[in-house]
Amino acid sequence: MIWPATLAQLFLFLFWHAPPGVADAAFAIAVMHASLAIAALWFWFEIMRWRKERPWTAVAALAVTGKIICLIAALYVFAPRALYGGALETALADQQLAGLLMLAACPLTYLGAAFLITVAAFDRQSARPVASGDAA
């Protein structure tokens, strides 16, 4: 169930961060936050469940999700104009600040978790006893 959770989180993230989703979010802010929270909880529950039995699958899901979120964040930061046609004079600055916050949070969470799972997987691998036929 890790890939459906990953796809659900990515779909909802992209939907709510696309211009039509942002326009809808003004009217449905509670729905946006609830759907993103539920998808994130499901995703992280699956990561925690898979991190011991199939760590490389969890790492792959974290890497894919983290990279797509970081890509959207970089788009927000480096866009030459406000992407959402904000009427405020500070729309571009607000968008760039949001992108910077996302760029700060993304590596700390997704890539940090992938790093910790990788280290734990290598520790478990090296702690396994070597079978008598495997020694050279």
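Just above, that's the structure.
From a predicted model like this one, the values you see are computed outputs, not experimental measurements. (Residues numbered from 1 in each chain as written. Predicted model: local features only at pLDDT ≥ 70, side-chain atom pairs only at ≥ 80, totals over all residues. Heavy atoms only, no water.)

Some thoughts on the overall build of the chain
Here's step 1: Check the secondary structure of the chain and you find 5 helices and 0 strands.
Here's step 2: Ordered by position in the sequence, the α and β elements of the chain form the string α-α-α-α-α.
Here's step 3: In terms of overall size, the chain is more extended than a compact globule, its C-alpha atoms giving a radius of gyration of 19 Å where 136 residues would be expected to give roughly 14 Å.
Here's step 4: By its C-alpha atoms, the chain is 70 × 30 × 15 Å across when sized along the principal axes.
Here's step 5: Looking at the chain residue by residue over its 136 residues, the buried ones come to 32%.
Here's step 6: Counted over contacts in the chain with a minimum sequence separation of 6, partners at least 24 positions apart contribute 65%.
Here's step 7: When the accessible surface of the chain is totalled, it reaches about 8,600 Å², and 74% of it is carbon and sulfur. (Helix = DSSP H or I, 4+ residues; strand = E, 2+ residues; numbered from the N terminus. Rg over C-alpha atoms; globule rule 2.2 N^0.38 Å. Buried < 20%, exposed > 50% of the residue type's maximum accessible area, 1.4 Å probe, protein only. Contact = heavy atoms within 4.5 Å. Areas by Shrake-Rupley, 256 points an atom, 1.4 Å probe, with all protein chains shown as cover.)

A word on the nonpolar core
Here's step 1: The biggest cluster of nonpolar side chains holds 20 residues, and the ones touching the most others in it are Ile-47, Leu-62 and Met-102.
Here's step 2: Listed by contribution, the elements that provide at least two residues to this core are helix H1 (2-17), helix H3 (29-53), helix H4 (55-78) and helix H5 (91-127).
Here's step 3: Apart from the residues within four sequence positions on either side, Leu-62 is in contact with Phe-43, Trp-44, Ile-47, Tyr-110, Ala-113, Ala-114 and Ile-117.
Here's step 4: Residues Leu-12, Trp-16, Ala-25 and Met-32 belong to the second largest nonpolar core, which totals 5 residues. (Core = buried A, V, L, I, M, F, W, Y, C linked by side-chain atoms within 4.5 Å.)

Brief notes about the layout of surface pockets
Here's step 1: What the largest pocket holds in volume is close to 820 Å³.
Here's step 2: Taken together, 31 residues line the largest pocket, and the ones lying closest to its centre are Trp-16, His-17, Tyr-76, Ala-98 and Met-102.
Here's step 3: Looking at the lining of the largest pocket element by element, the count peaks at 10 residues for H5.
Here's step 4: By residue class, the composition of the lining of the largest pocket is 25 nonpolar, 5 polar and 1 charged. (1 Å grid on protein atoms, 1.4 Å probe; cavity = no way out; pocket = protein on both sides within 12 Å on 5 of 7 lines; lining within 4 Å. Points joined across faces, edges and corners; volume = space filled by probe spheres on them. Nonpolar A, V, L, I, M, F, W, Y, C, P; charged D, E, K, R; others polar.)

Comments concerning the state of the cysteines
Here's step 1: Inspection of every chain in the model, using the stated rule, returns 1 disulfide.
Here's step 2: Residue Cys-70 pairs covalently with Cys-106 via a disulfide, S to S 2.2 Å. For the disulfide bridge between Cys-70 and Cys-106, the dihedral angle about the S-S bond is near -120°, and by the sign convention the bridge is left-handed. On the criterion of sequence distance, the pair formed by Cys-70 in helix H4 and Cys-106 in helix H5 is long-range, its members being 36 residues apart.
Here's step 3: Classification of Cys-106 by relative accessible area gives buried; the value is 2%. (Disulfide = S-S within 2.5 Å.)

Examining the pattern of salt bridges
Here's step 1: Going through the model one piece at a time under the given rule, you end up with 1 salt bridge.
Here's step 2: Where Glu-46 meets Arg-49, a salt bridge forms, and the shortest distance between an N and an O atom there is 2.9 Å. Taken as a pair, Glu-46 and Arg-49 lie in helix H3 at a separation of 3 residues, close to a single helical turn.
Here's step 3: Given a relative accessible area of 4%, Glu-46 falls into the buried group.
Here's step 4: Arg-49 sits in the partly exposed class, given a relative accessible area of 39%. (Salt bridge = Lys/Arg side-chain N within 4 Å of Asp/Glu carboxyl O.)

Interpretation note: all reported values are geometric properties and have no functional meaning in isolation.
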